[in-house]
Amino acid sequence: IHLEGKEATHVSRVLRLREDDQIEVCDGRGTVARCSIVNISNRVSCSVEKKNFLAFSGVQWKLCVASGSIKGQRGDWLVEKAT
């Protein structure tokens, strides 16, 4: 897998990952691959080696929102923003 542009910049500059670090990449359709970074060149491209594919089984966490007393229609606003 070859990452370029924003993805490669994010890996090298924001996450500050280096060669041999492990990452997970996805294709946006539910396929996730665990990878190892092989090469980072000029912070604009990044090559990774696939280790194995993982089955995406959905979200594994729960969310709880707590709020103080809400006046008027603000309760509807809170529900809208929280979902």
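Residues numbered from 1 in each chain as written. Predicted model: local features only at pLDDT ≥ 70, side-chain atom pairs only at ≥ 80, totals over all residues. Heavy atoms only, no water.

## Considering the nonpolar core
Part 1 of the argument: The biggest cluster of nonpolar side chains holds nine residues, and these are L3, A8, V11, L17, I23, V25, A33, C35 and I37.
Part 2 of the argument: Every element with two or more residues in this core is listed here: helix 1 (6-14), strand 2 (22-26) and strand 3 (31-41).
Part 3 of the argument: What A33 contacts, discounting residues up to four positions off in sequence, is I23, E24, V25, N52 and F53. (Core = buried A, V, L, I, M, F, W, Y, C linked by side-chain atoms within 4.5 Å. Buried < 20%, exposed > 50% of the residue type's maximum accessible area, 1.4 Å probe, protein only. Helix = DSSP H or I, 4+ residues; strand = E, 2+ residues; numbered from the N terminus. Contact = heavy atoms within 4.5 Å.)

## Remarks on the confidence of the model for the chain
Part 1 of the argument: For the chain, per-residue confidence averages 79 on the pLDDT scale, and residues scoring 70 or more make up 83% of the total.
Part 2 of the argument: By mean pLDDT, the top-scoring element of the chain is helix 1 (86), and the lowest-scoring one is strand 4 (residues 45-55) (67). (pLDDT = per-residue confidence, 0-100.)

## Description of unusual backbone geometry
Part 1 of the argument: Phi is positive for R16, which is not a glycine, with a value near 55°.
Part 2 of the argument: Note on placement: R16 falls in the loop between helix 1 and strand 2.
Part 3 of the argument: The phi dihedral of D20 is positive, around 75°, even though this residue is not glycine.
Part 4 of the argument: You can see D20 is positioned in the loop between helix 1 and strand 2.

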